[in-house]
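Commentary on secondary and tertiary structure
Spelled out, the chains give:
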Amino acid sequence: MHNTRDSFGSKFGAIAALAGSAVGLGNIWKFPYEAGNNGGGAFLLVYIFFTVAIGLPVMLSEFALGRYSGRNAFGTFDRLEPKTVWRYFGVLVLLAATMILSFYGTVAGWTLEYVFKSFTFSFHVGTDVDLNTMFSDFITNPYKPVFWQIVFMALTGFIVLAGVKKGIERYTKLMMPLLFVLILILGIRACTLDGAMEGIKFFFLPKFSELTSQGVLSALGQAFFSLSIGMGVLLTYASYIKKDENLTSISLQVICADTLIAVLAGIAIFPAVFAFNIAPDSGPGLVFLTLPQVFQSMAFGQLWAILFFLLLTMAALTSSISLLEVIVAFFVEEKHISRRKATVISTVIVTIFGILCTLSFGPLKEVHIGNLSVFGIFDYVSSNILLPVGGILISIYMGWRFDRRLLEAELTNNGELKLWLLKPLIFVLKYVAPLFILVILLHSLGLF
Ligand code: PHE
């Protein structure tokens, strides 16, 4: 068959797209507040440990599997395991992508509103607005956040529609370097605030007494979430990587970029949190409450505010396109419908679920399952259950079931590259990763 499948045009393009998927709201919005809730430096250490010890092996497996199969996540298992239960892994992947993208769109919508607020001088130097009230008025409003969510999802659909090389790669190559420079500048500025040291100490000095077992689970969930692993996003993207690229080197670069941006986000946010007396455990609103204060205190604050929220939106976009691509690639390759139709259908489905998440801060506030809102459920189930389960399954599949010679061939490009870590990799995939993830998962569900 003539191969017309799209692919990334260059190694940098592949890394930009993959790092674009990894670096997102998870790094800049979620990581700092999770660290704030769970003892600062202690959380950071556990997080880095999970990233290296479990994140890297699972990421490598997804890369190898995706590039080997050359298909979307669902199709990969459908082809390789047509008659076994492994086939249903694809369903889990689609469910996780839909759930994550739903609540992701909510927060990305908030960032768009903040871009707009920055343009309209809502928090430039000398303005005396109560940022807390501003934030809560906005997220409880029944229309505005929904409007921005729809705009965001339309942007996501627009890029995905254009394809892998002309859409995803083209935009991420542009946005990722910009994002990096900006977060670096903001970090430096935050460190020069009066009282910044308190924040730096909070972020880097581990206080293990404040780290609960729930916090350890959150660190694992966060590592998975932030690296985009355990749910077929990387698998799908890897299917677009050319056969002569070095998967190990790509994964190391993606992991470094992702961790670096999370740490830089912490450095940009915690000094401001302490300098302006904000509670480090203020949860999902943290970034929206703290950074505007920094901007208010900066020369050209408005400009920085615009740039920051614009780039936060871009970080979100480069991740949301990777989530949408999982669903679109499924429709295109498995259901044989055009990319255009597939993109429209997927975007509409996700947006509908997403609106429910958004409204759960306002009109649907009273709707609770257990003690979680719709948004909370989507976040909890996907990050703390589906991603770990996905991680366990990928590890077991690659460690026990997938042909080791094929794995080795994929990671060494058929023997051309040296791979010193194959043995430890298999060991981690077979035993360490599944057991570790399982224990933490069961514990968090109160079953262990
Ligand atoms: N990694 C992204 C972030 O940190 C979120 C994401 C999760 C994207 C899972 C794709 C898959 O924001």
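Residues take numbers from 1 onward in each chain, read along the sequence in its written order. Whole-chain, interface and lining totals are the exception, using all residues; otherwise, since this is a predicted model, local features are given only for residues with pLDDT of at least 70 and side-chain atom pairs are given and counted only at 80 or more. For side-chain calculations, the full set of non-hydrogen atoms in the structure is used, while hydrogens and water are omitted.

**Topic: the overall build of the protein**
Our working rule: Numbering of helices and strands runs from the N terminus; a helix is a DSSP stretch of H or I covering at least four residues, while a strand is a stretch of E covering at least two. Atoms considered for the radius of gyration are the C-alpha atoms alone. The globule rule reads 2.2 Å times the number of residues to the power 0.38. To sort residues, take the accessible area from a 1.4 Å probe on protein chains only and compare it with the maximum for the residue type: under 20% means buried, over 50% means exposed, and anything in between is partly exposed. Any two residues whose heavy atoms approach within 4.5 Å at even a single point are treated as in contact. To measure how exposed things are, a 1.4 Å probe is used in the Shrake-Rupley method; for residues, cover is taken only from the protein chains shown. Counting rule for charge: Lys and Arg are taken as positive, Asp and Glu as negative, and neither His nor the chain ends is counted. In plain terms, the charge of a residue is placed at NZ if it is Lys, CZ if Arg, CG if Asp and CD if Glu.
Along the backbone of the protein there are 18 helices and 0 strands. The C-alpha radius of gyration computed for the protein amounts to 21 Å, which stays within 12% of the reference 22 Å derived for 448 residues, consistent with globular compactness. Each principal axis of the C-alpha distribution contributes one length, and for the protein these read about 65 × 50 × 45 Å. The buried share among the 448 residues of the protein stands at 61%. Sequence separation of at least 24 residues holds for 83% of the intrachain contacts in the protein that already meet a minimum separation of 6. Accessible surface for the protein amounts to roughly 17,600 Å². Of this, 68% is attributable to carbon and sulfur atoms. Averaged over its 30 positive side-chain charges, the protein has a centre that lies 9 Å from the centre of its 26 negative ones.

**Some thoughts on the confidence of the model for the protein**
Using the following cut-off: Each residue carries a pLDDT score, the predictor's confidence in it, ranging from 0 to 100.
Mean pLDDT for the protein: 90, with 97% of residues reaching 70 or above. Looking across the protein, the model is least confident in helix 13 (residues 286-296), with a mean pLDDT of 81, and most confident in helix 15 (residues 339-359), with 98.

**Structural notes on the site of the ligand**
Short version of the rule: Distances are taken per atom, and a residue is near a molecule or strand as soon as one of its heavy atoms is within 4 Å of it. We define a polar contact as two N or O atoms separated by no more than 3.5 Å, with the added condition that, inside protein, one atom must be a possible hydrogen donor and the other a possible acceptor, whereas residues neighbouring each other in sequence contribute only through side-chain atom pairs. Here a cavity denotes a set of grid points, spaced 1 Å apart and computed over the protein atoms alone, in which a 1.4 Å probe fits but from which it cannot get out, and a pocket denotes an open set meeting protein on both sides within 12 Å along at least five of seven lines; residues with an atom within 4 Å of a point are reported as lining. Each molecule is checked against the cavity or pocket grid, and it sits inside if more than half of its atoms lie within 2 Å of the grid points. Each residue is assigned to one of three groups, with Ala, Val, Leu, Ile, Met, Phe, Trp, Tyr, Cys and Pro labelled nonpolar, Asp, Glu, Lys and Arg labelled charged, and all others, Gly among them, labelled polar.
The environment of the ligand is formed by 16 residues, the closest being Ala22, Gly26, Tyr104, Phe225 and Ser228. One nitrogen or oxygen atom from the main chain of Gly26 is found 2.7 Å from an oxygen atom belonging to the ligand. With respect to the ligand, the side chain of Tyr104 contributes an N or O atom lying 2.5 Å from an oxygen atom. Taken by itself the ligand offers 320 Å² of open surface, and the protein chains cover 100% of this. In this structure, the ligand is accommodated by the largest cavity. A breakdown of the residues in the shell around the ligand according to their chemical character gives 8 nonpolar, 8 polar and no charged.

**Regarding the layout of surface pockets**
Summary: where empty space remains is shown by rolling a probe the size of a single water molecule over the atoms. Going by this rule: Grid points are joined across faces, edges and corners, and a volume is the space filled by probe spheres set on the points.
Of the voids in this model, the second largest pocket is the one considered here, and its volume is about 480 Å³. If you go around the second largest pocket, you meet 21 residues; those closest to its centre are Tyr33, Glu34, Leu372, Asp379 and Tyr380. Looking at the lining of the second largest pocket, the element that brings in the most residues is helix 16 (residues 374-401), giving 6 residues. Of the residues that constitute the lining of the second largest pocket, the class distribution is 5 nonpolar, 13 polar and 3 charged.

**Concerning the pattern of salt bridges**
Pairing between side chains of opposite charge can happen when their charged atoms approach one another. Our working definition: Salt bridges are identified by distance alone: a Lys or Arg side-chain nitrogen within 4 Å of an Asp or Glu carboxyl oxygen.
Evaluated as defined, the whole model comprises 14 salt bridges. Between Glu334 and Arg71 there is a salt bridge; the shortest N-O distance is 3.6 Å. Taken as a pair, Glu334 in helix 14 (residues 301-334) and Arg71 in the loop between helix 3 (41-69) and helix 4 (73-80) lie far apart in primary sequence, 263 residues in all. Through salt bridges with shared partners, a single network forms among Arg67, Lys243 and Glu410.

**What to know about the side chain of Ser218**
Within the secondary structure, Ser218 is located in helix 10 (residues 213-227). The residues touching Ser218, leaving out its near neighbours within four places in the chain, are Glu34, Asn38 and Phe43.

**Overview of unusual backbone geometry**
In this model, Asn413 sits at a positive phi of 50°, which is unusual for a non-glycine residue. Within the secondary structure layout, Asn413 lies in the loop between helix 17 (404-412) and helix 18 (422-444). Judged by its relative accessible area of 8%, Asn413 is buried. Positive phi, normally seen in glycine, also occurs at Asn414, with a value near 60°. By secondary structure assignment, the location of Asn414 is in the loop between helix 17 and helix 18.

**A few points about the packing of aromatic side chains**
Working definition: an aromatic ring pair is given by the centre-to-centre distance plus the angle between the planes. As a reminder, the rule being used: Any two of the Phe, Tyr and Trp rings considered here, Trp counted by its six-membered ring, make a pair once their centres fall within 6.5 Å; the pair's planes then place it as stacked at under 30 degrees, edge-to-face at over 60, or tilted in between. Ring-over charges, as used throughout, are those where CZ of Arg or NZ of Lys falls within 6 Å of the ring centre and within 35 degrees of the ring normal.
Taken as a whole and judged by the stated rule, the model has 42 aromatic pairs. With 6.3 Å between their ring centres and 45° between their planes, Phe353 and Phe378 make a pair best called tilted. Note that Phe353 is positioned in helix 15 and Phe378 in helix 16, a separation of 25 residues in sequence. Taking the relative accessible area as the measure of exposure, Phe353 reaches 36% and is therefore partly exposed. Across from the ring centre of Phe225, 4.3 Å away, lies the NZ or CZ of Lys30, which sits over that ring.

**Comments concerning the nonpolar core**
Using the following cut-off: By convention a nonpolar core is built from buried Ala, Val, Leu, Ile, Met, Phe, Trp, Tyr and Cys residues, the set being connected through side-chain atoms within 4.5 Å.
In terms of nonpolar packing, the biggest core is built from 161 residues, with Phe8, Ile28, Val287, Phe288, Phe295, Phe308 and Met398 touching the most fellow members. Here this core gets 19 residues from one element, more than from any other, and that element is helix 14.

**What about a positive patch on the surface?**
Here is the rule: For patches, a residue must show more than 30% relative accessible area and have no salt bridge; joins then use 9 Å for like charges and 5 Å for nonpolar side chains, namely Val, Leu, Ile, Met, Phe, Trp and Tyr.
On the surface, Lys165, Lys166, Arg170 and Lys242 cluster together into a patch of positive charge. Take Lys166: it is sitting in helix 8 (residues 164-191). Note on Lys166: relative accessible area 60%, which makes it exposed.

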